[in-house]
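Listed below, chain by chain, are the residues.
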Protein chains: 2
Amino acid sequence: MTAGRRRGVELERAILRAAAEELVASGYAGMTMDKVARRAGTNKNAIYRRWPQRAALGVAAYKYVADARTPTVDTGTLRRDALELLRQANASWSSPHGAVLRDLLAAAADEPALLDLLREQAGGGALNAAWFALLSRAVARGEAPPEAVQPRVAALPMTLLRGEYALRGVPALPDEVLVEIIDEIFLPLIRGRGLACPVPLSAG
Amino acid sequence: MTAGRRRGVELERAILRAAAEELVASGYAGMTMDKVARRAGTNKNAIYRRWPQRAALGVAAYKYVADARTPTVDTGTLRRDALELLRQANASWSSPHGAVLRDLLAAAADEPALLDLLREQAGGGALNAAWFALLSRAVARGEAPPEAVQPRVAALPMTLLRGEYALRGVPALPDEVLVEIIDEIFLPLIRGRGLACPVPLSAG
DNA sequence: CTCCTTAAGGTACTGGCGGTACCCTATCAG
DNA sequence: CTGATAGGGTACCGCCAGTACCTTAAGGAG
């Protein structure tokens, strides 16, 4: 056996791998330091030497699994672009990887420092950029008014998706919900932002 | 001293009161059974005889504080109605009472049975009805098209408010955010739902 | 008033957890 | 070869949820 004693990066990877496995197996609440140590074939000391808090290990383990793929779509129409992006997000969130993320988010309610790290992962950077790009293309095609390119509009579908996940339980959202979000809210809003009428539309 | 030994309802109220105080003082995570028992001047037995789980006590304690006021507004215009309702919700959520609710919601991520109870409290019933009433009045006044009276539209402002709370931290949302939610999203959406154009508005 | 059921009080315990201390030992740089 | 570094093993502290067991006050039935 070339066993020897693992050191440095090698051990660190082993710990992260073990932590990630515990995370997907038992959730954050079940990711015990002892269990991670045992699964990694080491002991708590080696873990605490690297991450001072259990929560820090949780975030690190999540990052270790998260592959941070940047979603890109370009189907040619606004509606199909939006639907596709939303479907990708739904698939991602309902995967084990997403379950871990949601679990971590819930668990880290009292650890404000870690919340920031997670929020970034939860759909901050790349995802938002994708929605902006989608809107810009729609404007270029004449499918949407220029006023629609706005942060709050771009973030809306993902916010609604999050809302649905918060409202319902764990399982993946049925596709009809995604279609509703797009057809009942997102697209009507974009249409409505074309009309700059501060005064009610009654009168007519 | 008329001390005596408290029994039945009297003791139950004392426990609930103590639990509620611990809840607002230290959050759900800090609401220890021992601390509740000590504050109530009793012991854990008396608590476990009534609530089999700590989470059950948490929910009961929350209900004990929650006053379940039904919000009602009627200012005469859609925009002011919506803004007022949203401001009330914001004030309620940023109050200690709201902090407890958000804390409980986060903590109960792995207790699905309790989630339902909390979700109801979190703005399910009465609040939704208020938004429906608001929309209906706007339609009656001619301020909104009848197509706007729809569950997803009614729930939208509260969903966005929740989204902002999830995104940012604890503190109360500044009023500009509420105004933006109404002016940039809610009202344009209602306007947009008047135009039933499945085909893009380009072409013109 | 007495007795007896009921429920509250007190205390101690189990088991699991996060986190720390201490000491032993393998590894690697010099 | 040697000494600093870091991994390994183990025991420990304090805290917590939940349980067991016994003592003691309260209140109703007779």
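Residues numbered from 1 in each chain as written. Chains lettered and ligands numbered in written order. Predicted model: local features only at pLDDT ≥ 70, side-chain atom pairs only at ≥ 80, totals over all residues. Heavy atoms only, no water.

**Looking at the packing of aromatic side chains**
For step 1, the next point in the chain: Evaluation of the coordinates by the stated rule reveals four aromatic pairs over all chains.
For step 2, the next point in the chain: Aromatic pair B:Trp131 and B:Phe186: ring centres 5.7 Å apart, planes at 85°, arrangement edge-to-face. Residue B:Trp131 is found in helix α7 (residues 112-141), and its partner B:Phe186 is found in helix α9 (residues 175-192); the two are separated by 55 residues along the sequence. Each of the two residues, B:Trp131 as well as B:Phe186, counts as buried.
For step 3, the next point in the chain: Positioned above the aromatic ring of A:Tyr28 is the side chain of A:Arg54, whose terminal nitrogen or guanidinium carbon lies 4.0 Å from the ring centre. (Phe/Tyr/Trp six-rings, centres within 6.5 Å; stacked < 30°, edge-to-face > 60°. Helix = DSSP H or I, 4+ residues; strand = E, 2+ residues; numbered from the N terminus. Buried < 20%, exposed > 50% of the residue type's maximum accessible area, 1.4 Å probe, protein only. Lys NZ or Arg CZ within 6 Å of the ring centre and 35° of its normal.)

**Considering the confidence of the model for chain A**
Low pLDDT marks regions whose predicted coordinates should not be analysed in detail.
Residue and element names in this part refer to chain A.
For step 1, the next point in the chain: Overall, the predicted model of chain A reaches an average pLDDT of 83, with 82% of residues at or above 70.
For step 2, the next point in the chain: The spread of mean pLDDT over the elements of chain A runs between helix α7 (residues 112-121), the lowest at 64, and helix α10 (residues 175-192), the highest at 95.
For step 3, the next point in the chain: In this model, residues 198-204 is a region of pLDDT below 50 whose contacts with residues beyond four sequence positions or in other chains number eight contacts. (pLDDT = per-residue confidence, 0-100. Contact = heavy atoms within 4.5 Å.)

**Quick notes on the packing of helix α5 (residues 78-94) of chain A against α10(A)**
Residue and element names in this part refer to chain A.
For step 1, the next point in the chain: One can describe the packing of α5 onto α10 by two numbers: an axis separation of 10 Å at closest approach and a directional angle of 135°. Here α5 lies oblique to α10, going by the angle between them. Crossing geometry of α5 relative to α10 is assigned as right-handed. Of α10, the residues touching α5 (which contributes Leu78, Arg79, Ala82, Leu83, Leu86, Arg87 and Asn90) are Asp175, Leu178, Val179, Ile181, Ile182, Asp183, Phe186, Leu187 and Ile190.
For step 2, the next point in the chain: For the contact of α5 with α10, a count of residues per class yields 11 nonpolar, one polar and four charged. (Axes fitted to C-alpha atoms, helices over the stretch in contact; angles between N-to-C directions. Parallel < 35°, antiparallel > 145°, perpendicular 65-115°, else oblique. Left-handed = near helix turned anticlockwise from the far one by under 90°. Nonpolar A, V, L, I, M, F, W, Y, C, P; charged D, E, K, R; others polar.)

**Description of the protein's contact with DNA strand D**
For step 1, the next point in the chain: What surrounds DNA strand D is a group of 22 residues, the closest being A:Thr42, A:Asn43, A:Asn45, A:Arg50 and B:Lys44.
For step 2, the next point in the chain: Among atoms of DNA strand D positioned within 4 Å of the protein, sugar and phosphate together represent 61%.
For step 3, the next point in the chain: One of the side-chain N or O atoms of A:Asn43 is found 2.5 Å from a base nitrogen in DNA strand D.
For step 4, the next point in the chain: Side-chain polar atom of B:Asn45 to a base nitrogen of DNA strand D: 3.0 Å apart, as the coordinates give it.
For step 5, the next point in the chain: Elements supplying a minimum of two residues to the surface near DNA strand D: α1 (8-30) of chain A together with α3 (44-48) of chain B.
For step 6, the next point in the chain: The element best represented in the surface near DNA strand D is α3(B), accounting for three residues. (Near = heavy atom within 4 Å. Polar contact = N/O pair within 3.5 Å; in protein donor to acceptor, adjacent residues only side chain to side chain.)

**Concerning the protein's contact with DNA strand C**
For step 1, the next point in the chain: In the neighbourhood of DNA strand C, 23 residues make up the surrounding shell, with A:Lys44, B:Thr42, B:Asn43, B:Asn45 and B:Arg50 lying closest.
For step 2, the next point in the chain: A distance of 3.3 Å is found between a base nitrogen of DNA strand C and a side-chain nitrogen or oxygen belonging to B:Arg5.
For step 3, the next point in the chain: At 3.0 Å from a phosphate oxygen of DNA strand C is found a side-chain nitrogen or oxygen belonging to B:Arg49.
For step 4, the next point in the chain: Within the residue set of the surface near DNA strand C, elements represented by two or more residues are α3 (44-48) of chain A together with α1 (8-30) and α3 of chain B.
For step 5, the next point in the chain: In terms of residue count, the dominant contributor to the surface near DNA strand C is α3(A) (three residues).

**Quick look at the side chain of A:Glu143**
For step 1, the next point in the chain: Within the fold, A:Glu143 resides in the loop between α8 (125-141) and α9 (151-167).
For step 2, the next point in the chain: A polar atom in the side chain of A:Glu143 sits 2.8 Å from the backbone nitrogen of A:Leu78.

**Here we look at the pattern of salt bridges**
For side chains bearing opposite charge, pairing can occur when the charged atoms are close.
For step 1, the next point in the chain: Inspection of every chain in the model, using the stated rule, returns 32 salt bridges over all chains.
For step 2, the next point in the chain: In this structure, A:Arg137 engages A:Asp74 in a salt bridge whose closest nitrogen and oxygen atoms are separated by 3.3 Å. Note that A:Arg137 is positioned in helix α8 and A:Asp74 in the loop between α4 (54-65) and α5, a separation of 63 residues in sequence.
For step 3, the next point in the chain: The salt bridge involving B:Arg39 is made with B:Glu22; its shortest N-O contact spans 2.8 Å. Separated by 17 residues along the polypeptide, B:Arg39 in helix α2 (residues 33-40) and B:Glu22 in helix α1 bring together distant segments of the chain.
For step 4, the next point in the chain: On the basis of relative accessible area, B:Arg39 is assigned to the partly exposed category, the value being 41%.
For step 5, the next point in the chain: Note on B:Glu22: relative accessible area 6%, which makes it buried.
For step 6, the next point in the chain: The network of salt bridges with common partners includes A:Arg17, A:Glu21, A:Glu22, A:Lys35 and A:Arg39. (Salt bridge = Lys/Arg side-chain N within 4 Å of Asp/Glu carboxyl O.)

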